[in-house]
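Okay, here's what each chain looks like letter by letter:
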Amino acid sequence: MIRTLTLAAFLICSGATLLPAPAQTFTLQQVMSAPFNSDLHASPKGSRIVWVASQEGKRNLWTAELNGSSSAKQLTNYTADDGQDLSDIAWTPDGRSVVYVHGGDFEFPGRPDPNPALIASGVEQTIFIVPIDGGQPRRLAAGRSPSVSPDGKTLTFLHKDGIWSLPLSENDPKPEQIFHARGELGPPLWSPDGRYIAFTSDRGDHGFIGVYSVSEKTIIYLDPSTETDQYPEWSPDSRQIAFIRIAGESRHPGAHRTGEPWSIHTADVTTGAGHEIWRAAKGQGSVFHALATEDHQLFWTPGGHLIFASELDGWLHLYSVAANGGTATLLTPGDFEIEHVATSPDRANLVFSSNQGDIDRRHVWQIAADGHAAPRQLTKGDGIEVHPVITDGGAVAVLRSDARVPVRPALVSTNGELRDLAPQLVPADYPANKLVVPQQVILSAADGMKIHGQLFLPATANDGKRHPALVFFHGGSRRQMLLGYHYMGYYSNAYAMNQYLASLGYIVLSVNYRSGIGYGLSFREALNYGISGASEYNDVQGAGLYLRSRSDVDPARIGAWGGSYGGYLTALALARSSDLFAAGVDFHGVHDWSARFRSQSGENSVDPNIVRIAFESSPMASIKTWKSPVLLIQGDDDRNVAFSQTVRMAAALRAQGVEFEEHVFPDEIHSFLMHRSWLTAYGLTADFFGRHFNMPTSDRRSQ
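Residues numbered from 1 in each chain as written. Predicted model: local features only at pLDDT ≥ 70, side-chain atom pairs only at ≥ 80, totals over all residues. Heavy atoms only, no water.

Q: How should I be thinking about the overall build of the protein in this particular structure?
A: A count of helices and strands for the protein gives nine helices and 42 strands. Whereas a compact globule of 703 residues would reach a radius of gyration of roughly 27 Å, the protein reaches 25 Å, a difference of no more than 12%. Taking the principal axes of its C-alpha atoms as reference, the protein extends roughly 70 × 60 × 55 Å. Across the 703 residues in the protein, those meeting the buried criterion constitute 59%. Within the protein, residue pairs in contact and separated by at least 24 positions form 58% of the contacts whose partners lie at least 6 positions apart. (Helix = DSSP H or I, 4+ residues; strand = E, 2+ residues; numbered from the N terminus. Rg over C-alpha atoms; globule rule 2.2 N^0.38 Å. Buried < 20%, exposed > 50% of the residue type's maximum accessible area, 1.4 Å probe, protein only. Contact = heavy atoms within 4.5 Å.)

In structure tokens:
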């Protein structure tokens, strides 16, 4: 049986609940109403910060002064939930203006811009500049990845297949392409003296670091090789660039605990001559694993050292090595992971987030870039602090969350206390005090591995009755769910949904299955995971059996839901264990790993044994034993998981006679760009489980 649910049909079918909802005290719309804050940046001068606040899909820039008690203020005024993202923030050197990009897809910028709101005139990634003290944003050009010259006079940016520039001093500047280069170009990076622009050029199976001379109008590539060079970092004197060199990736899927060692190189920017200054050892840590700070992986200190991250001891830690070479020094020893790193404008201090001493949360530390003192912890407690930034005056700001309020900007005081900088952004009817505090649980997978999770218990959990239960599987798989709201928008939404499901009376278990981050290299690079054997199925089984063993869970009403990789595991749970999982909701999941090996002609391009294992690791391989009903949800402009994965799964379920429902969002991408898409998808999810588990359906009384 198949039901295709439109929004109108959903509103009709959820108009009346099957059972009263004694525990529910807030609506889905209310718990999803708090803003999600991201892209925190400190000004190069002064003590201002700027960030992006998404308020029910309306994305805007906000700013706050860290010195003093002045309140935060809004810089832009976008008023529609139109799916147009806002990111690529760059300060002008004087700290008086902010450049940003509005529109498009920041994950896959080379593809056509997504248009989930079906705007008839189309959409385009566009660069704007806005003064920090007030005024309207001014359109500069179509493009992305803006970078302002050190003198503040010139803006460079990526557009089409080249790097462009325009003068910021003109009211109606005319952009011009300063050079064209082969390959996929990375963001332009000005030298401190303003004489050069560095960039990356990804050529597929190799990649270069290029340097453009502003005065000579010439390009050279630094010590080119057959390997891939990434993450350029200028020396303070603008004479050299450091970069990371990585050998070609293995064609074999699955765990990569070891490989051809990566290395750090420096090169002269006038001659292009370079040399290796450090190389990872063979074995553990030989495969490069990046920090969460995107394009910034090396930090060149004023004292002539390079700080970088390595997994030499099995955990992602910071190390320091002299820029002219030598032995690397471990700066952050212990069984924990470093995640987000930032430097002060003078590069003298670093701040970073990690899960040291609190493995299912994040806190912030500071360390002197060239000192030998141990890192100093700045924040602690039951909250989560990420994405720290530090101003030239030493003020530190973070994005913080906790069990009841999503990520928001905060100032870190000298005694570690946190002061929210824009509390007015949280709506008055947001139900913070009605949310539950998730409990840390450590359970055994089917093969005995210990797995961490977060347990959401409804208010009725201790009423002596058996309750329906749901397992949530995150995506990635390189993710870790935390004991509070997540710092990524996708999972902040999922956390709110788990809270809403708990309010409806479900016991919800969020599972940090193997191949996720936060628990070391061996856990992340789990043997035979995913495409190479689906070893995470042990964790799927363990989660289901854990819930079944609880006296407050009805063993006949255990379901699963998740998105992306979590959709894959949800589908795997239903395909292999319909006797354990009675229903599921699969958001844009991978259903056949072997599809990635098929060429356009349909022929496989790799070892047939690899293709066989990939298929056997997929839900599609177990379609004959799939009995439980499922709801399939996906946007058909998904750039992460091919929409054909859901098309083929729907056809297979139909042929097998399995009950399924589906909802498709035309022109939506993987991580839905529109707030109303999330509301609709989550409302359909609550309605689906409500009907199959004889529970309340989604409360839409607020609409």
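Q: Even after reading the chapter, I still don't get helix 8 (residues 644-656), so can you show me in this structure?
A: Each α-helix winds once per 3.6 residues, and so residues spaced three or four apart point in a common direction. Look at helix 8: 18 Å from first C-alpha to last across 13 residues, which is about the 18 Å you get at 1.5 Å a residue. Close packing links the buried residues of helix 8 with strand 41 (630-635) and strand 42 (660-665). A positive backbone phi angle near 80° is found at Gly657, which sits one or two residues after helix 8. (Expected span 1.5 Å × (residues − 1).)

Q: I would appreciate a short explanation of empty space enclosed by the protein in the present structure.
A: Leftover empty space is mapped by rolling, across the atoms, a probe with the size of a water molecule. Evaluation of the coordinates by the stated rule reveals four cavities of 30 Å³ or more. As a volume, the largest cavity reaches approximately 70 Å³. Taken together, Gln454, Phe456, Phe472, Met481, Leu482, Gly484, His486, Tyr491, Ala494, Tyr495, Asn498 and Ser510 make up the full set of residues lining the largest cavity. For the lining of the largest cavity, the secondary-structure elements that each account for two or more residues are strand 36 (450-456) and helix 3 (489-503). Among the elements that line the lining of the largest cavity, the one with the most residues is helix 3, at four residues. (1 Å grid on protein atoms, 1.4 Å probe; cavity = no way out; pocket = protein on both sides within 12 Å on 5 of 7 lines; lining within 4 Å. Points joined across faces, edges and corners; volume = space filled by probe spheres on them.)

Q: Could you clarify how one ought to interpret the pattern of salt bridges in this entry?
A: A side chain of one charge can pair with a side chain of the opposite charge if their charged atoms are brought near each other. One pass over the structure, following the stated rule, counts 27 salt bridges. Of the charged contacts, one joins Asp552 and Arg550 as a salt bridge, the two residues approaching to 2.9 Å between their closest N and O atoms. In this structure Asp552 comes out as buried when scored by relative accessible area, which is 11%. Taking relative accessible area as the criterion, Arg550 reaches 19% and is therefore assigned buried. The closest approach of N and O atoms between Glu661 and Arg691, which form a salt bridge, is 2.9 Å. With Glu661 in strand 42 and Arg691 in helix 9 (residues 675-692), this pair connects stretches of sequence that are 30 residues apart. We classify Arg691 as partly exposed; its relative accessible area is 26%. (Salt bridge = Lys/Arg side-chain N within 4 Å of Asp/Glu carboxyl O.)

Q: I keep staring at the packing of aromatic side chains and nothing clicks. Help me out?
A: For any pair of aromatic rings, geometry is given as the distance between the ring centres together with the angle between the planes. This model, assessed by the stated rule, comprises 33 aromatic pairs. Seen in terms of ring centroids, Trp278 and Phe308 are 4.7 Å apart; in terms of plane orientation they differ by 50°. Their pairing is tilted. Taken together, the residues Trp278 in strand 22 (residues 274-279) and Phe308 in strand 24 (residues 305-310) connect sequence positions 30 residues apart. Residue class for Trp278 comes out buried when judged on its relative accessible area of 12%. Through successive ring pairs, a cluster of aromatic residues spans Phe472, Tyr490, Tyr491, Trp561, Phe587, Phe665, Phe672, Trp678 and Tyr682. One residue, Arg203, lies across the ring of Tyr221, its end atom 5.3 Å from the ring centre. Positioned above the aromatic ring of Tyr537, the side-chain terminus of Arg576 is 4.9 Å from the ring centre. (Phe/Tyr/Trp six-rings, centres within 6.5 Å; stacked < 30°, edge-to-face > 60°. Lys NZ or Arg CZ within 6 Å of the ring centre and 35° of its normal.)

Q: Even after reading the chapter, I still don't get the side chain of Gln645, so can you show me in this structure?
A: The topology assignment puts Gln645 in helix 8. By relative accessible area, Gln645 is classed as buried at 11%. A polar atom in the side chain of Gln645 sits 2.9 Å from the backbone nitrogen of Asp592. Once residues within four sequence positions are removed from consideration, Gln645 is found in contact with Gly589, Val590, His591, Asp592 and Ala595. (Polar contact = N/O pair within 3.5 Å; in protein donor to acceptor, adjacent residues only side chain to side chain.)

Q: Explanation requested: the nonpolar core in the structure shown.
A: Most often, soluble globular proteins keep nonpolar side chains buried together rather than apart. In terms of nonpolar packing, the biggest core is built from 57 residues, with Leu509, Leu547, Phe581, Trp626 and Leu653 touching the most fellow members. Element by element, the count of residues in this core is highest for helix 6 (residues 565-576), at eight residues. Ignoring any residue separated from it by four or fewer positions in sequence, one finds Trp626 in contact with Ala571, Leu574, Ala575, Ser578, Pro619, Met649, Leu653, Gln656 and Val658. Counting residues in hydrophobic clusters, the runner-up holds 46 residues, among them Ala403, Ile633, Phe672 and Ala681. (Core = buried A, V, L, I, M, F, W, Y, C linked by side-chain atoms within 4.5 Å.)

Q: It is not clear to me how unusual backbone geometry should be interpreted in this structure. Could you clarify?
A: Excluding glycine, most residues fall at negative phi; most peptide bonds, likewise, are trans. The step from Gly476 to Ser477 runs through a cis peptide bond, and the omega angle for that step is 5°. The residue Ser477 is located in the loop between strand 37 (467-473) and helix 3 in this model.

Q: So what exactly am I meant to see when it comes to the sheet that holds strand 32 (residues 396-401) here?
A: To summarise the sheet geometry, strands pair through backbone hydrogen bonds and adopt either a parallel or an antiparallel arrangement. On the basis of which strands lie adjacent, the open sheet formed by four strands has the order 31-32-33-34 and antiparallel pairing. Each edge of the open sheet carries a strand with a single partner, namely strand 31 (384-390) and strand 34 (418-420). Geometrically, the sheet is characterised by an average inter-axis angle of 35° between neighbouring strands, direction not taken into account. Where strand 31 meets strand 32, five bridges bridge the pair, whose relative direction is antiparallel. Bridged to Val386 within strand 32 is Leu399. (Pairing = 2+ DSSP bridges. Axes fitted to C-alpha atoms, helices over the stretch in contact; angles between N-to-C directions.)

Q: Sorry, what's going on with the environment of His467 here?
A: Structurally, His467 can be placed in strand 37. Since its relative accessible area comes to 6%, His467 is described here as buried. Along the chain, His467 and Asp552 lie 85 residues apart, while their C-alpha atoms are 5.9 Å from each other. Each residue touching His467, except ones within four places of it in the same chain, is listed here: Thr460, Ala461, Gly505, Ile507, Asp552, Val553, Asp554 and Arg557. A polar atom in the side chain of His467 sits 3.4 Å from the backbone oxygen of Lys465.

Q: Would you take a moment to explain the sheet that holds strand 9 (residues 138-142) for this structure?
A: One open sheet holds the four strands; their spatial order is 6-7-8-9, and the pairing between them is antiparallel. At either end of the open sheet lies a strand with only one pairing partner, and these are strand 6 (86-91) and strand 9. Here the strands of the sheet are splayed against their neighbours by 25° on average, with no regard to which way each runs. Relative to strand 7 (residues 97-102), strand 6 runs antiparallel, the two being bridged by four bridges. Within strand 7, the residue paired with Leu86 across the bridge is His102.

Q: What's the story with the side chain of Gln84 in this structure? I'm lost.
A: Relative to the helices and strands, Gln84 is located in the loop between strand 5 (73-74) and strand 6. Note on Gln84: relative accessible area 6%, which makes it buried. For Gln84, the side chain forms a polar contact with the main-chain nitrogen of Gly104, separated by 3.4 Å. Excluding its chain neighbours within four sequence positions, the residues that come into contact with Gln84 are Arg59, His102, Gly103, Gly104, Pro114, Ile119 and Val123.

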